[in-house]
Amino acid sequence: MPQNQFQKMVYAFLTVFVTVHAYVFYSLYVVNGSALTALNGTTSVLDAINRQGGVYMCGRFVPIWCVVLVEFVFAYSLELIMGSPCSFKLACKAFDPRKTHPVLFETAIISATVSLMCPAMSFIAAFLYYPYYNGFDIFTLLANWLKLICLNLPFAFFSQLFLIQPLIRTVFKALFVRNPSLGGTAESHS
């Protein structure tokens, strides 16, 4: 798919943009929704978040847009620095891209990306959403990190494999349509 550095950055931007919104929704509504509504005495997760003054992050309550922005910056940086380059190398160690069916090779890249990004972003989330009002303990941080990996890994794998990556590939192909007059295409590896 992406052929040059600009296209790789666009592909990563699109992926992270969709992914961060999906994970914030997943975390707030699916994982923590019942606790938030019970704690704040509401029937709606959004009402519960508004009643408590935002989402708890770094020892204070911040608006949801701030959570999305902070997570986007971390995820986009990690994707460009570690996720994309390392996942392609890991997939190449397992499969030869010239001899492997493209669907299988893309699945290997997605699996490698999830296996790298999920623990990294879960660690950042464990630090950002650590319950600082109880003081700081390294064992609590590590326990929260492991808990987040266990909660996020299945969602990360299946949402990336069956929803997010097919969507992003479709959008990317529409943005970088093949131009026959140039004799080129945006088709390659991600």
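What counts, and at which threshold
- Residues numbered from 1 in each chain as written.
- Predicted model: local features only at pLDDT ≥ 70, side-chain atom pairs only at ≥ 80, totals over all residues.
- Heavy atoms only, no water.
- Phe/Tyr/Trp six-rings, centres within 6.5 Å; stacked < 30°, edge-to-face > 60°.
- Buried < 20%, exposed > 50% of the residue type's maximum accessible area, 1.4 Å probe, protein only.
- Salt bridge = Lys/Arg side-chain N within 4 Å of Asp/Glu carboxyl O.
- Helix = DSSP H or I, 4+ residues; strand = E, 2+ residues; numbered from the N terminus.
- Arc of directions from axis to C-beta.
- Contact = heavy atoms within 4.5 Å.

Some thoughts on the packing of aromatic side chains
The geometry of an aromatic ring pair is captured by two quantities: the separation of the ring centres and the angle between the planes.
Turning to step 1, where the next piece is worked out: In the structure shown here, the tally under the stated rule is 19 aromatic pairs.
Turning to step 2, where the next piece is worked out: Relative to F61, the ring of Y56 lies with its centre 5.6 Å away and its plane at 70 degrees, an arrangement referred to as edge-to-face.
Turning to step 3, where the next piece is worked out: Under the relative-accessibility criterion, F61 is labelled partly exposed at 41%.
Turning to step 4, where the next piece is worked out: The interplanar angle of 80 degrees and the centroid separation of 5.1 Å between the aromatic rings of F157 and F158 together place this pair among those described as edge-to-face.
Turning to step 5, where the next piece is worked out: In this structure F157 comes out as partly exposed when scored by relative accessible area, which is 25%.
Turning to step 6, where the next piece is worked out: Relative accessible area serves as the criterion here: at 48%, F158 is assigned to the partly exposed category.
Turning to step 7, where the next piece is worked out: Three or more aromatic residues joined by ring pairs make a cluster, and in this case those are F6, Y11, F172 and F176.

Concerning the pattern of salt bridges
Turning to step 1, where the next piece is worked out: Taken as a whole and assessed by the stated rule, the structure comprises one salt bridge.
Turning to step 2, where the next piece is worked out: A salt bridge links R98 to D96; its shortest N-O distance comes to 3.4 Å.
Turning to step 3, where the next piece is worked out: Residue R98 is classed as exposed on the basis of its relative accessible area, which comes to 74%.
Turning to step 4, where the next piece is worked out: With a relative accessible area of 23%, D96 lands in the partly exposed category.

Let's talk about helix α2 (residues 33-40)
Turning to step 1, where the next piece is worked out: Restricting attention to buried positions, one finds in α2 the residues G33, L36, T37 and N40. In a view along the axis of α2, the buried residues occupy a sector of 95 degrees, so they form one face of it. Of the exposed residues in α2, those oriented more than 90 degrees away from the buried face are S34, A35, A38 and L39.
Turning to step 2, where the next piece is worked out: At its buried positions, α2 is contacted by α1 (5-31) and α3 (45-51).
Turning to step 3, where the next piece is worked out: One or two positions beyond α2, positive phi appears at G41, with a value near 65 degrees.

A short note on the environment of A125
Turning to step 1, where the next piece is worked out: With respect to the secondary-structure elements, A125 resides in helix α5 (residues 102-128).
Turning to step 2, where the next piece is worked out: Judged by its relative accessible area of 13%, A125 is buried.
Turning to step 3, where the next piece is worked out: Distance from A125 to M1, taken between C-alpha atoms, is 30 Å for residues 124 residues apart in sequence.
Turning to step 4, where the next piece is worked out: Filtering out sequence-adjacent residues up to four positions away, A125 remains in contact with Y130 and L148.

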